[in-house]
Amino acid sequence: MKAALLMLAVVAACHRHEEPRPTPKAAIAPLAHATQADLARELEAADRRGTWASVRQRWQGQALHWTVTRYRSLCGAADACFVAPFPISRPAKHGWMPQLELSAGELARVEAGCGAAEQCQVTFEGTLRELTASAEQPTALRISDVHIVSATHG
Amino acid sequence: MKKMIMAGLMMTGSLVAHASSHREAPMIAEDQYVDNTDVYAFISPTDPNKLVIVADYVPLLLPTSGPNYYKFSDDARYEVHIDNNGDAKPDITYRWTFASQRKNGATFLYNTGAVDSLTSPNLNVTQTYTLEKIDEHSGARGVIMQDVPVAPWNVGKRSFANYEQVALQAVKQVNGTSAFAGPRDEPFFVDLHVFDLLGVGGSHTTDGLNVMSLVLEVPINEIAQGGVRPASGMTGKTSVVGIYASASRPQVRVLRTGRDRDDYGKYVQVSRLGWPLINEVIIPLQDKDKYNRSSPKDDVANFGAYILDPEVPKLLNLVLNANCAATPAGGRTDIVGLLAPNGTAAADLLRINITMGQTADQSHFPNGRALTDDVTDTLLTVACNNGSHIGDGVDANDKPFTATFPYLASPASGNP
C-alpha cells in the first residue's frame, strides 16, 4: 500500500512538469501563420519554455497549404510518403519529415508531376491530423486528407 | 594529404569525439550500464548457416576498476531486435535479463582466492542471465536458456592463472544457439585524443579498455521471415534482416532509506543502436536523447532531414578544408539508400544479406558489420563524398579477434 502511494506521488509529481492542458475547443481556430517555418519557430519556443501542449493544441487539426520537397526514395507509396519541409539548409536544423497520407489518385498526381526526378517540389493542402511534439519524444507530423495542388521538378 | 586530413581531424571534435556510440547522448552518459556502444552482425565464420550478433554495452571500461567491477544491470532489459520483412519494425526480439549473486557479504573482495572455474567457491560475486526469444507478432515468449553464468571480470593474474579458460566456460549452447555474456576487449578502434585539445593523430586510444558484450550465434532460418532462409540470389525485402540493440529500464524508481530501491512500471527504452555513429554525428544535440527513446520505424519521420543534409561534411570543410562535396540540391539520398537496401524501409538498422550462400567474407559494413571493419573511416569517407579516403589514422584493433565463438578478444587484465 505504502509503495503504491509512493508510486502515485511520483507519477503525480512527474505530471506537474507538463504545463496544464488548455481547455479543449469545439473547433480549431485557423492560424493566421501556418507555414512550416511558423511551426518550427513554435517548436523551438516550446523546447525553451515547455509549451508543447499548447503547440499541439493550436496546430492539430489545422488546414495546411505547404510547399515541400518530395524525395522519390522516401515517398513512393500512398501510406509511406515522407517529405522534407525545408530546403537543404546546410545543415538541417530540424529532423522531422511530415508523413502525407495520400489517396491512390493523389500519389499518381505526384508521380505524374515529378516523373523520374529524384526530388521535386510538391504543393499540397491537407489537415495536420497528428502532431507528436514533447520534451521526451522527437517531433513527427501526420497530415491527412492530402490534395496535391502541384508537383513540379526542374 | 592524409597527414593534413588527420591534422584537420584534430579540430573536428564533434566528429570523432565519441567512439561508435559510447556516451553519445547527454542522458545515457549518466547511465553507463545501459549505454549501447556497438552492434556487429556477420555470417558465422565457423558455420555459414548461422548469424553472429554482437551487442556491446557499458563503454570505455578500465580493467583496474575494482573492487566493484563492471557488470550488466540487474534492473534493465538488454535486447536485440530483428526486422525480417523490411518494414523497420521488430519481428523477433532476443532479451537478456540479469541477476547478481554473492557468496560472502562479509568481505569487500570480488574473489576470495584464486579462481580456476566458474563454479569456484572463491568467485564471490557472480551474475547469471536468462535469454528469451520473443515473437513480436504473437507476443509469445520462449526461454532459450536461463541461469547462464556471465563471464567474470579479468581481475588479474593473482586471481586468474588462466582467465580465458574460465571465461569461456560461460559459453552456452542450446538447440543450435550459442550465447556468451561478459567482459571483452573493446573491439571498437578509434582515436579519442580529440579530447586533449583536439590532439588526434592515429593514437589507439581504446586499446587496453574493456566493454560488456552480449554475443549470440543463431541459425539463420530461425530469424528469417517464415523460418525459411531466403534462396541464393534473392534481392527482395526479406533477403536482408535489420538489426538493432537496445536497453530499457523500469519507468519509476523509488529510493528508500530503510531498504534497497524499488523499480516500478513498464520498461522504457533508454538507449538504442543500429549503425555505428548515427547518433553521434548525424543526430544533433537537441535530439540525441529523443533518438535513444524512439524506434527505427520512425527514423525518417523523426530524423530524416538530418540524414538528407548531414552536418559532417560541412564541418570537415569548415575545419579541415577537406574539400568534401557540397550536399547536392537533392540531399544525400545516397545515404538514405544505404539505410534502405533491397527495397526495405529506411531506418537506422544494421542490415545484412542472409540469403543462402552468403559467407563471413561478405559480411562487411554496411552489409552487416565485421569486428575488423574500420567504420569510422568508412563513414567519414561516405560523408565527405569527394572520392578521397578520410580517416582517423586508427585502422585496426590492438588485439586479434578469435576464429571461434565468441570471436571477441579476451578482456584486458586488471593486473597483467
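Residues numbered from 1 in each chain as written. Chains lettered and ligands numbered in written order. Predicted model: local features only at pLDDT ≥ 70, side-chain atom pairs only at ≥ 80, totals over all residues. Heavy atoms only, no water.

Quick notes on the interface of chain B and chain A
Turning to step 1, where the next piece is worked out: Taken together, the contacts link 28 residues of chain B with 28 residues of chain A.
Turning to step 2, where the next piece is worked out: The three residues of chain B that bury the most area against chain A are B:Lys290, B:Ala301 and B:Asp309, which together make up 22% of that side's buried surface.
Turning to step 3, where the next piece is worked out: At the junction of chain B with chain A, the criterion picks out nine residue pairs in polar contact (both at pLDDT 80 or more).
Turning to step 4, where the next piece is worked out: Of all the secondary-structure elements, those providing two or more residues to the side of chain B that touches chain A are strand E10 (240-254), helix H5 (288-293), helix H6 (299-308) and helix H8 (333-338) of chain B.
Turning to step 5, where the next piece is worked out: Considering each element in turn, the side of chain B that touches chain A owes the most residues, eight residues, to H6(B).
Turning to step 6, where the next piece is worked out: Split by residue class, the side of chain B that touches chain A holds 14 nonpolar, eight polar and six charged. (Contact = heavy atoms within 4.5 Å. Buried area = accessible area lost by both parts, 1.4 Å probe. Polar contact = N/O pair within 3.5 Å; in protein donor to acceptor, adjacent residues only side chain to side chain. Helix = DSSP H or I, 4+ residues; strand = E, 2+ residues; numbered from the N terminus. Nonpolar A, V, L, I, M, F, W, Y, C, P; charged D, E, K, R; others polar.)

With respect to the pattern of salt bridges
Side-chain pairs of opposite charge can arise whenever the charged atoms involved come near each other.
Turning to step 1, where the next piece is worked out: As enumerated under the stated definition, the model contains 23 salt bridges over all chains in all.
Turning to step 2, where the next piece is worked out: A salt bridge links A:Asp145 to A:Arg129; the nearest nitrogen and oxygen atoms lie 2.6 Å apart. Of the two residues, A:Asp145 is situated in strand E5 (residues 140-152) and A:Arg129 in strand E4 (residues 119-132); the sequence distance between them amounts to 16 residues.
Turning to step 3, where the next piece is worked out: With a relative accessible area of 55%, A:Asp145 lands in the exposed category.
Turning to step 4, where the next piece is worked out: Residue classification places A:Arg129 among the partly exposed positions, given a relative accessible area of 40%.
Turning to step 5, where the next piece is worked out: Across the pair B:Lys297 and B:Asp298 runs a salt bridge whose closest N-O atoms are separated by 3.0 Å.
Turning to step 6, where the next piece is worked out: By relative accessible area, which is 40% here, B:Lys297 ends up partly exposed.
Turning to step 7, where the next piece is worked out: Connected through shared salt-bridge partners, B:Asp75, B:Arg253, B:Arg261 and B:Asp263 make up one network. (Salt bridge = Lys/Arg side-chain N within 4 Å of Asp/Glu carboxyl O. Buried < 20%, exposed > 50% of the residue type's maximum accessible area, 1.4 Å probe, protein only.)

Side note on the confidence of the model for chain B
All names here are of chain B.
Turning to step 1, where the next piece is worked out: Of all residues in chain B, 93% attain a pLDDT of 70 or more, and the chain-wide mean is 91.
Turning to step 2, where the next piece is worked out: The low-confidence segment residues 1-18, where pLDDT is below 50, has 56 contacts with residues more than four positions distant or belonging to other chains.
Turning to step 3, where the next piece is worked out: Taken together, the chains of this predicted complex give a pTM of 0.90 and an interface ipTM of 0.84. (pLDDT = per-residue confidence, 0-100.)

Topic: the sheet that holds strand E7 (residues 172-174) of chain B
Residue and element names in this part refer to chain B.
Turning to step 1, where the next piece is worked out: As summarised here, the arrangement of the five strands in space is E1-E2-E9-E8-E7, forming an open sheet in which the pairing is antiparallel. With partners counted over all chains shown, the strands left at the sheet margins are strand E1 (36-43) and E7, one partner each. Taken over all neighbouring pairs, the strand axes of this sheet differ in orientation by 15° on average, direction set aside.
Turning to step 2, where the next piece is worked out: Sheet analysis places strand E8 (residues 177-185) next to strand E9 (residues 210-219), joined by eight bridges and oriented antiparallel. The residue of E9 that forms the bridge with Arg 184 is Val 211. (Pairing = 2+ DSSP bridges. Axes fitted to C-alpha atoms, helices over the stretch in contact; angles between N-to-C directions.)

What to know about the side chain of B:Asn36
All names here are of chain B.
Turning to step 1, where the next piece is worked out: Locating Asn 36 in the fold gives a position in strand E1.
Turning to step 2, where the next piece is worked out: Here the side chain of Asn 36 touches Tyr 57 through a polar contact of 3.5 Å, side chain to side chain.
Turning to step 3, where the next piece is worked out: In this structure the side chain of Asn 36 is engaged in a polar contact, spanning 3.5 Å, whose partner is the backbone nitrogen of Arg 272.

A look at the sheet that holds strand E2 (residues 80-84) of chain A
Residues and elements named next belong to chain A.
Turning to step 1, where the next piece is worked out: Judged by pairing direction, the barrel is mixed, and its five strands sit side by side in the order E1-E2-E3-E5-E4 before closing back on the first.
Turning to step 2, where the next piece is worked out: Bridge analysis of strand E1 (residues 63-77) against E4 gives nine bridges, and the strand direction is antiparallel. Note on E4: the bridge partner recorded for Leu 64 is Gly 126.
Turning to step 3, where the next piece is worked out: Sitting on the sheet, helix H2 (residues 36-49) is in contact with E1, E4 and E5, with an inclination near 95° to E1.

Thoughts on the packing of aromatic side chains
All names here are of chain B.
Turning to step 1, where the next piece is worked out: Taken as a whole and assessed by the stated rule, the structure comprises 16 aromatic pairs over all chains.
Turning to step 2, where the next piece is worked out: Aromatic side chains Tyr 69 and Tyr 110 sit 5.0 Å apart centroid to centroid with 80° between the ring planes, which places their arrangement in the edge-to-face category. Separated by 41 residues along the polypeptide, Tyr 69 in the loop between strand E2 (50-61) and strand E3 (77-83) and Tyr 110 in the loop between strand E4 (92-102) and strand E5 (125-135) bring together distant segments of the chain. Across this residue pair, the class does not change: Tyr 69 and Tyr 110 are buried.
Turning to step 3, where the next piece is worked out: With a centroid separation of 4.9 Å and an interplanar angle of 65°, the aromatic rings of Trp 275 and Phe 365 are classed as edge-to-face. Of this pair, Trp 275 sits in the loop between strand E11 (262-273) and helix H4 (278-281) while Phe 365 sits in the loop between strand E12 (350-353) and helix H9 (375-384), placing them 90 residues apart in sequence.
Turning to step 4, where the next piece is worked out: Here Phe 365 falls in the buried class, since its relative accessible area comes to 11%.
Turning to step 5, where the next piece is worked out: The structure contains a cluster of three or more aromatic residues connected by ring pairs, namely Tyr 33, Tyr 69, Tyr 70, Tyr 110 and Trp 153.
Turning to step 6, where the next piece is worked out: Sitting above the plane of the Tyr 267 ring, Arg 77 keeps its charged end 3.8 Å from the centroid.
Turning to step 7, where the next piece is worked out: Looking at Arg 272, its charged tip hangs above the ring of Tyr 291, at a distance of 3.8 Å from the centre. (Phe/Tyr/Trp six-rings, centres within 6.5 Å; stacked < 30°, edge-to-face > 60°. Lys NZ or Arg CZ within 6 Å of the ring centre and 35° of its normal.)

Here we look at unusual backbone geometry
Residue and element names in this part refer to chain B.
Turning to step 1, where the next piece is worked out: In this chain, Gly 66 is followed by Pro 67 through a cis amide linkage whose omega measures 5°.
Turning to step 2, where the next piece is worked out: Here Pro 67 lies in the loop between E2 and E3.
Turning to step 3, where the next piece is worked out: Positioned with a positive phi, Asn 175 is a non-glycine residue whose angle comes to about 50°.
Turning to step 4, where the next piece is worked out: On the secondary structure map, Asn 175 appears in the loop between E7 and E8.
Turning to step 5, where the next piece is worked out: For Asn 175, a relative accessible area of 72% corresponds to the exposed category.
Turning to step 6, where the next piece is worked out: At Tyr 407, a residue that is not glycine, the phi angle is positive and equals roughly 75°.
Turning to step 7, where the next piece is worked out: Tracing the backbone through its elements, the reader meets Tyr 407 in the segment after H9.

Examining the state of the cysteines
Turning to step 1, where the next piece is worked out: According to the stated counting rule, one finds three disulfides over all chains in the structure shown.
Turning to step 2, where the next piece is worked out: Bridging A:Cys75 to A:Cys81, the disulfide has an S-S length of 2.0 Å. Disulfide A:Cys75-A:Cys81: torsion about the S-S bond near -85°, hence left-handed.
Turning to step 3, where the next piece is worked out: Each sulfur of the disulfide joining B:Cys324 and B:Cys384 lies 2.0 Å from the other. (Disulfide = S-S within 2.5 Å.)

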